[in-house]
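# Structural features, examined
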Amino acid sequence: MNSLSRLFAIIKKEVRQLSRDRLTFGMVVGLPIMQILLFGYAINTDVRNLRTAIADQSATHLSRQFIAELAETQVVDIVSFVDTPNVLEAKLRKGDVSVGVLIPADFDRRVTDSARAAVQLLVDGSDPTILAVANQLSAMPLGFDTMVAGKPNAANIEVRPYYNPERRTPVNIVPGLMGVILTMTMMLFTAVAIVRERERGNLELLINTPVSSAELMIGKVVPYIVIGLIQIALILLVGWLLFDVPVRGSIVDLYIAAALFVAANLALGLFISTAVSTQFQAMQMTVFFLLPSILLSGFMFPFDGMPKLAQYIGEVLPNTHFIRLTRGIMLREASITELASELIFLAVFTTIAMIAAGLRFSKRLD
Amino acid sequence: MNANLAIEARGLSKYFGDLRAVSSLDLEVPRGKIYGFLGPNGSGKSTTIRMLCGLLTPTEGDATVLGTVIPGNSKALRPKIGYMTQKFSLFGDMSVFENLQFISEIYSYPAKDRSTRIGELLLKYDLRDQRDQLAGTMSGGQKQRLALACAVLHHPELLLLDEPTSAVDPQSRRDFWSNLFRLAESGTTIMVSTHYMDEAERCHRLAILDRGVKVADGTPQQLQASTGMHIVEVVGEDPYAAQAALIDVPEIVSVTQLGVRLRVLIPISVSDPTSLVLQALAQHRVSAAAEVTHATLEDVFVAVTLKSAERVT
């Protein structure tokens, strides 16, 4: 009974202080909006209008038809026609174009010959995104009207992006971005929470009162869970209004996943807070955890494409599991039961971090 | 354990690595008294107070505080102790009222009596005008009154005050001490550390700490009577010359200047201290008057810390 009322006293105090701390309050609202605008507008991996030069040494009806189909995809923007492969290479080297298409003189014959490539794509491989797109181009079906009958062109595989057919970046980015924003804000808030009181001397007073470590820890975490859920609402709203990002699955499922994820980050933040001695160190530690949460969680790069070691590191980050949850629920309409293992990880992570923080924070000064 | 003692420490020690912050401290603090802890900065006052309220674990020794043995179950002790930290430790971004309210909730003060108690404290500690002011924006004296109000809100039996007056003006100090006397009269035991002599003189009992060692212990009167020194006061026109004349006399242990007067400490074994001083002055052709006087606490402090310095070297 007394314990509960002490817990409420701590929560009330935290909320009161939070509402007076303009900077933190601004971060709660400003940071998600700024990030979503930044990622939504500036970072665009949709590839359209790659500058392209074509050397058509065949100049037949068939080759002109191929060029027309290529242009229709809108992936390439044909800016010039050149005569020789050498000029193509020079243009590529100078950066005038990103893609060079070489149509050899015997194009018509090559099309019917399954042993030889009909067209050569010269690609600026210095940009990985362009390279990936060119790989897709190579699989473009040569669906000529004059389709030379009977050619079994196995390489012409059609790519059909599920769940995001328009291949719009924000749809992929926003679910992952939720995880990144929450990692950043939640961890930062609690990482400085205890250290700030230590620096201001409040802790010396608090630990001399009947407040227990657990009451202090939980009392500090609870207000931020609410803030985290508000942030999620904000991100979803802005994502929906500006970028038309859908929530195809259950919003309740999404919130259950988010609450657990927020708790995991808060617990980690608290642990950091008990391990460092100044607010500055707390911020450094937050960045230390934030970077892998962005780079190794599957937010930036496909998880399966990463080296094994990076995958192992990624597996222990809460954000990795949260991104799987949000992409599943928001885009693939998955239910939470199908993603239970990710939830279990988050629950276990929270428990361990919370216990570790509680153990590290002793009610003593030495 | 003597029931009349609020604190009884036996061989209490605290080392931080090689630094002996407090060494084998024995203390007896009677209930309902104001017990002073006098010593220069770094003498181990704060460390001792922190050990007594369970914030620091003693390296050696133990203490019985209000019947509870430290180190041990300091949790049971917390509701009975009020602690005022050296540095202001309340919440600067909350108002005076909110701070008091928070403390009352933390100590589970009966909900129905909370507002009465807070009103009482606002009145008693002259904080009614600052009720809704943020604590961080108040003056040193106001902060200190708020800190004391928060420390006594839950009617603690024992009040531990760590240099409570180091950041306030003399008027605030006087008011603060009259509050302490009022609390002691109502039965609260108060342990207060200070480095001000005038404050030490107001204590019922006091201990002098130097480099972690207790060098004297008793009532101010007892301490003044047992310095083991003659105190000779020298008044002359040229105190500098007088000081120069006296400083090299082997029997004289200390010469302290107070304005135009000099206070000269001479061991009790010297039978005629006045003529010793006058002779030394005459040798250097300094004209000044000398007479034996009573020891002040400052003299006591100088005498005992000198002895302890000799012991160390």
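No experiment lies behind these values; they were computed from the predicted model shown. (Residues numbered from 1 in each chain as written. Chains lettered and ligands numbered in written order. Predicted model: local features only at pLDDT ≥ 70, side-chain atom pairs only at ≥ 80, totals over all residues. Heavy atoms only, no water.)

### Observations regarding helix α3 (residues 61-72) of chain A
Since the α-helix advances by 3.6 residues per turn, residues separated by three or four positions end up pointing in the same direction. If you check α3(A), its first and last C-alpha atoms are 17 Å apart, about what twelve residues at 1.5 Å a residue would give, namely 16 Å. Looking one or two residues beyond α3(A), the residue adopting positive phi is Q74(A), at roughly 65°. (Helix = DSSP H or I, 4+ residues; strand = E, 2+ residues; numbered from the N terminus. Expected span 1.5 Å × (residues − 1).)

### What about the side chain of N265(A)?
Residues and elements named next belong to chain A. Within the secondary structure, N265 is located in helix α10 (residues 251-275). Its relative accessible area of 2% is what places N265 among the buried residues. N265 has contacts with L182, T183, M186, M187 and T190, leaving out every residue within four places of it along the chain. (Buried < 20%, exposed > 50% of the residue type's maximum accessible area, 1.4 Å probe, protein only. Contact = heavy atoms within 4.5 Å.)

### Describing the environment of S335(A)
Residue and element names in this part refer to chain A. Position of S335 among the secondary structure elements: in the loop between α13 (318-331) and α14 (340-360). Sequence separation of S335 and D244 is 91 residues, and the distance between their C-alpha atoms is 21 Å. Within the local environment of S335, its side chain forms a polar contact with the side chain of T337, the two groups lying 2.8 Å apart. (Polar contact = N/O pair within 3.5 Å; in protein donor to acceptor, adjacent residues only side chain to side chain.)

### Quick notes on the packing of aromatic side chains
In the structure shown here, the tally under the stated rule is seven aromatic pairs over all chains. Taking 4.1 Å as the distance between ring centres and 5° as the angle between the ring planes, the aromatic pair formed by F261(A) and F322(A) counts as stacked. One end of the pair, F261(A), is in helix α10; the other, F322(A), is in helix α13, with 61 residues separating them in the sequence. Taking the centre distance of 5.4 Å and the plane angle of 90° together, the rings of F91(B) and F102(B) count as edge-to-face. Of this pair, F91(B) sits in the loop between β6 (81-84) and α3 (96-106) while F102(B) is found in helix α3, placing the two residues eleven residues apart along the sequence. Cation over ring: R131(B) sits above F97(B), and NZ or CZ is 4.0 Å from the ring centre. Over the ring of Y196(B) we find R173(B); its NZ or CZ atom is 3.8 Å from the centre of that ring. (Phe/Tyr/Trp six-rings, centres within 6.5 Å; stacked < 30°, edge-to-face > 60°. Lys NZ or Arg CZ within 6 Å of the ring centre and 35° of its normal.)

### Details of helix α10 (residues 273-283) of chain B
Residue and element names in this part refer to chain B. Those residues of α10 that sit buried are P273, T274, L276, V277, A280 and L281. For α10, the angular spread of the buried residues around the axis is 165°, confining them to a single face. In α10, those exposed residues whose orientation departs by more than 90 degrees from the buried face are Q279, A282 and Q283. Buried residues along α10 sit against β11 (229-236), α9 (239-247), β13 (261-267) and β14 (288-293). Phi turns positive, to about 55°, at R285, one or two residues after α10. (Arc of directions from axis to C-beta.)

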